[in-house]
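# Coordinates in review
Spelled out, the chains give:
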Amino acid sequence: DMVRKKSLCAMHRLYQMDKRSVTDHILKIRNALCDKDPSVMGATLPLLQAMIIDSPASFKDLVPSFVSILKQITDHRLPRDFDYHRIPSPWIQ
């Protein structure tokens, strides 16, 4: 879990330096959004946000996934470790 999370953080940094550097891994990045570990899913969001800002049309199909993530947060379906002062996952929202 920690390795996947760190690799996504590294990919985000690589993307910031050179936008073409992660083009071969877009499918893996998309799959990480639906990872069973919420911390991996949360680590995917900043990278996807940067990619969506640069090319919104390419990621339009991910809208249902983002809605599903928000629904999981509001329904308190994530582990309690992700709550901050009884607010569910404020950094992911």
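Residues numbered from 1 in each chain as written. Predicted model: local features only at pLDDT ≥ 70, side-chain atom pairs only at ≥ 80, totals over all residues. Heavy atoms only, no water.

### Observations concerning the pattern of salt bridges
Inspection of every chain in the model, using the stated rule, returns 5 salt bridges. For Arg4, the salt bridge is made with Asp1, and the minimal N-O distance between the two is 2.7 Å. For Arg4, a relative accessible area of 31% translates into the label partly exposed. With relative accessibility at 48%, the residue Asp1 sits in the partly exposed group. In this structure, Asp61 engages Arg30 in a salt bridge whose closest nitrogen and oxygen atoms are separated by 2.8 Å. Of the two residues, Asp61 sits in the loop between helix 3 (38-54) and helix 4 (63-74) while Arg30 sits in helix 2 (residues 26-32), which places them 31 residues apart along the sequence. (Salt bridge = Lys/Arg side-chain N within 4 Å of Asp/Glu carboxyl O. Buried < 20%, exposed > 50% of the residue type's maximum accessible area, 1.4 Å probe, protein only. Helix = DSSP H or I, 4+ residues; strand = E, 2+ residues; numbered from the N terminus.)

### Details of the packing of helix 1 (residues 2-17) against helix 3
Relative placement of two packed helices is described by the angle separating their axes and the distance separating the axes. Running from N to C, helix 1 and helix 3 point in directions that differ by 15 degrees, and their axes come no closer than 8 Å. The angle between helix 1 and helix 3 places the two elements in the roughly parallel class. For the element pair helix 1 and helix 3, the recorded crossing hand is left-handed. Across the interface between the two elements, Arg4, Lys5, Leu8, Cys9, Met11, His12 and Tyr15 of helix 1 pack against Ser39, Val40, Ala43, Thr44, Pro46, Leu47, Ala50, Met51 and Asp54 of helix 3. When the residues that make up the contact of helix 1 with helix 3 are grouped by side-chain class, the tally is 10 nonpolar, 3 polar and 3 charged. (Axes fitted to C-alpha atoms, helices over the stretch in contact; angles between N-to-C directions. Parallel < 35°, antiparallel > 145°, perpendicular 65-115°, else oblique. Left-handed = near helix turned anticlockwise from the far one by under 90°. Contact = heavy atoms within 4.5 Å. Nonpolar A, V, L, I, M, F, W, Y, C, P; charged D, E, K, R; others polar.)

### Examining helix 1
Under the 1.5 Å per step criterion, the end-to-end length of helix 1 is 23 Å for 16 residues, consistent within 8% with the ideal 22 Å. When helix 1 is considered as a whole, its buried residues turn out to be Leu8, Met11, His12 and Tyr15. The buried residues of helix 1 occupy one face: seen down the axis, they fall within an arc of 105 degrees. More than 90 degrees from the buried face of helix 1, the exposed residues found are Met2, Val3, Lys6 and Met17. Here the buried face of helix 1 lies against helix 2 and helix 3. (Expected span 1.5 Å × (residues − 1). Arc of directions from axis to C-beta.)

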